[in-house]
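What the coordinates show
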Amino acid sequence: MKFTPQQAAKVAALARLRLPEEKLERIAGQIGDILSYMETLESCDTAGVEPLYSPVEHPTPLRADVAEKTFQRSDILSGAPETDGTYFIVPKIVAG
Amino acid sequence: MSDILSLSLSGLRAKLADGSVSATEAVSSCLERIADTEPAIEALLTVTGEEALNQAQAMDAAGPDASKPLWGVPVVVKDAICTKGVATTCASRILENFVPFYDATCVARLKEAGAILLGKANMDEFAMGSSTENSAFQKTRNPWNLDKVPGGSSGGSGATVAAGQCFAALGTDTGGSIRLPASFCGVTGIKPTYGRISRYGVVAYGSSLDQVGPLARTAEDCAVMLQVMSGHDAKDSTSAPREVPDFVAQTAARKDLKGLRLGLPEEYWGEGLTEEVRACCDQAVEAAKGLGAVVVPVKLPHTKYAIATYYIVAMAEASSNLARFDGVRYGFRHPEAKDLRDLYEMSRSEGFGEEVQRRIVLGTYVLSAGYYDAYYRKAAQVRRLIRQDFLDAFQACDVIVGPTSPFTAFGLGEKADDPLQMYLADIFTISLNLSGLPGLSMPVGLGKESGLPVGLQMFGKAWDEGTILGAANALSDALPQVGMPKI
């Protein structure tokens, strides 16, 4: 299957990746090969087969709807690239 | 190498318990071995030597604790698993400076059992790879032959155990990432049933596939590790609320294979196997028969679709899981980002390696509107058929047996430029992850041509790890031991 560098660039942008031209060329070619290989699935008859998204068989356990403090704010902020001690700091989102 | 390091984990436990070896001696022996061998194999990304020695000395001062099954045992943890206060990088630049403030549940349970953390093992970045060549930091080498890969993605874990640097290591297995390095490095590794061990604190790759498991010298050693880590965890909704059997007793109780029906799937024993792998695995099956096992042919007819199915599911889940790495809350942030979009794109473009980026693009594509049904939904349907193959096969047998890999460890760089060829290395391991079932790889000899370890795989029914551990334990006694590499 043909997967073009333009398609790769579009999907990469959706995934918030900004890749140089040369890498897009290479990745697009490799993805094309991989997608061609994946077309083998077309020959598998799956009519009426219920998809299996997870091997988990037990029902999702629910806990009581009670707020709990599991971590300190300082713990949560400890790995952040930039904080003011209370919040995560990021570059401005709104101009002005 | 010291006498201590020639012990199995179980052998060490006995000596620690009776005081003939101290925790400090065990840790010191491992650290000396790391100093001797690490320059050649580069299995570890972090060595916590000082902390480990301090901990061992404090434990010795208090004396052995019989209530702790891993008291004083030095272990290594794959760098995809969170360790409080110790860097957890997933072998990625994007997490290079990440130091978790909590332990993954499996690590917390090891520590509660008395294990001593020696360091963090190298891996393929975000567990994406079959050779440990995709690490952003170093390429781990196979202790049996330094020109060969150790397998992946838990290649650091396989190599550290094989080289005698520790007594057990944790790996994660999304498509064979415990079993392939176990096979290539000549050690035993088990991927438990999905849900057996909590994934809380394990950096997610393919959420419906990932499982933590141990790599160690013997099946008995794996049973001890599995016992400690298993069981329900309220912090992980996919962890199973069910009783944990006594794996250690089940493993020790099996002295022969009488009454055990071994299923040999024709899809795993056909063309494509190298002669040396076939010879070692045939020899193991003959030994199993000699121990009383009955061999029956079984079929897994959808095996031919497994790789395509696996990579669609895994990449779709990966693209979703890796969205959390955005440079805001932890990890790498590009210093030149001017606005938020810049921050996301520049941080992710520089922080992730190429294999990870390729999988994100592919995963995003197969989940996108217009392609979802053709790829992801179709793969999920085939996934059910693959699982049904196993359920049907287990009507006729108790354990399914086949080679772990069609070949022994391949050369460094040999498949690095061809992702599809690299993916095909997982051909015998990935069906199990799609099905959520347990599987183990054990060494069954050295290949006649390569001189490298060959692994045999045993698949069990869901929640039946005890049977495959016991079978591997009994079978290993009837096979020539591969020993340890001379490094």
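Throughout what follows, the structure given in this document is the object of discussion. (Residues numbered from 1 in each chain as written. Chains lettered and ligands numbered in written order. Predicted model: local features only at pLDDT ≥ 70, side-chain atom pairs only at ≥ 80, totals over all residues. Heavy atoms only, no water.)

Observations regarding the side chain of Asp221(B)
Residues and elements named next belong to chain B. Among the structural elements, Asp221 can be located in helix α7 (residues 219–229). Within the buried core, Asp221 has no salt-bridge partner, and the shortest N-O distance to an opposite charge, that of Arg217, equals 6.1 Å. Those residues in contact with Asp221 that sit more than four places away from it in its chain are Ser8, Leu9, Ser10 and Ala216. (Helix = DSSP H or I, 4+ residues; strand = E, 2+ residues; numbered from the N terminus. Buried < 20%, exposed > 50% of the residue type's maximum accessible area, 1.4 Å probe, protein only. Lys, Arg positive; Asp, Glu negative; His and termini not counted. Salt bridge = Lys/Arg side-chain N within 4 Å of Asp/Glu carboxyl O. Contact = heavy atoms within 4.5 Å.)

Concerning the pairing of strand β9 (residues 399–403) of chain B
Residues and elements named next belong to chain B. Within β9, five of the five residues are buried, which leaves it mostly tucked inside the rest of the structure. In the sheet, strand β7 (residues 261–265) pairs with β9 via two bridges, with the strands oriented parallel. The partner of Gly263 across the bridge, within β9, is Ile400. Sheet analysis places β9 next to strand β11 (residues 453–459), joined by four bridges and oriented antiparallel. The residue bridging Pro403 from the neighbouring strand is Leu456, located in β11. (Pairing = 2+ DSSP bridges.)

Topic: the packing of aromatic side chains
All names here are of chain B. For the structure on display, the rule yields 21 aromatic pairs over all chains. Ring centres 5.4 Å apart and planes at 65° place the aromatic pair Phe101 and Tyr102 in the edge-to-face group. Centroid distance Phe325 to Phe352: 6.2 Å. Interplanar angle 90°. Geometry classified as edge-to-face. One end of the pair, Phe325, is in the loop between α10 (306–321) and α11 (340–351); the other, Phe352, is in the loop between α11 and α12 (354–367), with 27 residues separating them in the sequence. Take Phe325 and Phe352: they sit in the same class, and that class is buried. One aromatic cluster in this structure is built from Phe98, Phe126, Phe325, Tyr330 and Phe352. Cation over ring: Lys415 sits above Phe410, and NZ or CZ is 5.1 Å from the ring centre. (Phe/Tyr/Trp six-rings, centres within 6.5 Å; stacked < 30°, edge-to-face > 60°. Lys NZ or Arg CZ within 6 Å of the ring centre and 35° of its normal.)

Notes on the interface of chain A and chain B
Listed by partner, the interface residues are 56 residues for chain A and 67 residues for chain B. Carbon and sulfur atoms make up 66% of the surface buried where chain A meets chain B, a total of about 5400 Å² over both sides. Its largest share of buried area at the contact with chain B, chain A owes to Arg18(A), Leu41(A) and Leu52(A), together 14% of the area lost on that side. The salt bridge involving Glu82(A) is made with Arg333(B); its shortest N-O contact spans 3.3 Å. For the pair chain A and chain B, the number of links is 23 residue pairs in polar contact (both at pLDDT 80 or more). In terms of residue class, the side of chain A that touches chain B is made up of 34 nonpolar, ten polar and twelve charged. (Buried area = accessible area lost by both parts, 1.4 Å probe. Polar contact = N/O pair within 3.5 Å; in protein donor to acceptor, adjacent residues only side chain to side chain. Nonpolar A, V, L, I, M, F, W, Y, C, P; charged D, E, K, R; others polar.)

Structural notes on the nonpolar core
If you look at the biggest cluster of nonpolar residues, it comprises 180 residues, and the most contacted ones within it are Leu70(B), Phe126(B), Phe390(B), Leu456(B), Met458(B) and Leu475(B). Of all hydrophobic cores here, the second largest spans five residues; its members include Ala337(B), Leu340(B), Leu343(B) and Met346(B). (Core = buried A, V, L, I, M, F, W, Y, C linked by side-chain atoms within 4.5 Å.)

Remarks on the packing of helix α1 (residues 9–17) of chain B against α7(B)
All names here are of chain B. For the pair α1 and α7, the least separation of the axes is 8 Å and the interaxial angle reads 65°. Relative to α7, the element α1 lies roughly perpendicular. Of the residues in α7, those touching α1 at Leu9, Ser10 and Arg13 are Glu220, Asp221, Val224 and Met225. Grouping the constituent residues of the contact of α1 with α7 by class yields three nonpolar, one polar and three charged. (Axes fitted to C-alpha atoms, helices over the stretch in contact; angles between N-to-C directions. Parallel < 35°, antiparallel > 145°, perpendicular 65-115°, else oblique.)

Overview of helix α9 (residues 275–290) of chain B
Residue and element names in this part refer to chain B. Here α9 contains 16 residues, and its C-alpha end-to-end distance of 22 Å stays within 8% of the 22 Å for a straight helix at 1.5 Å per residue. All of the buried residues in α9 are Glu276, Val277, Cys280, Cys281, Ala284, Val285, Ala287 and Ala288. Buried positions along α9 lie against β7, β8 (294–298), β9, β10 (439–446), β11 and α16 (465–477). With its phi angle positive at about 105°, Gly292 sits one or two positions after the end of α9. (Expected span 1.5 Å × (residues − 1).)

Regarding the state of the cysteines
As enumerated under the stated definition, the model contains zero disulfides over all chains in all. No disulfide involves Cys397(B); its sulfur sits 17 Å from the nearest other cysteine sulfur, which is in Cys281(B). (Disulfide = S-S within 2.5 Å.)

Thoughts on helix α2 (residues 21–38) of chain A
Between the first and last C-alpha of α2(A) there are 25 Å, a value that for 18 residues agrees with the 26 Å anticipated at 1.5 Å per step. Buried within α2(A) are the following residues: Lys23(A), Leu24(A), Ile27(A), Ala28(A), Gln30(A), Ile31(A), Gly32(A), Ile34(A), Leu35(A) and Met38(A). Contacts from the buried residues of α2(A) go to α1 (5–14) of chain A together with α10, α12, α13 (373–393) and α14 (419–424) of chain B.

Side note on the sheet that holds strand β2 (residues 74–78) of chain B
Residue and element names in this part refer to chain B. A sheet is described by the order of its strands in space; here eleven strands give the open sequence β1-β3-β2-β4-β6-β5-β10-β11-β9-β7-β8, paired in mixed fashion. The open sheet is flanked by β1 (44–47) and β8, the only strands paired with a single partner. Sheet twist, expressed as the mean angle between neighbouring strand axes with direction ignored, is 30°. Where strand β5 (residues 188–191) meets β10, three bridges bridge the pair, whose relative direction is antiparallel. Bridge pairing links Ile190 to Leu440 in β10.

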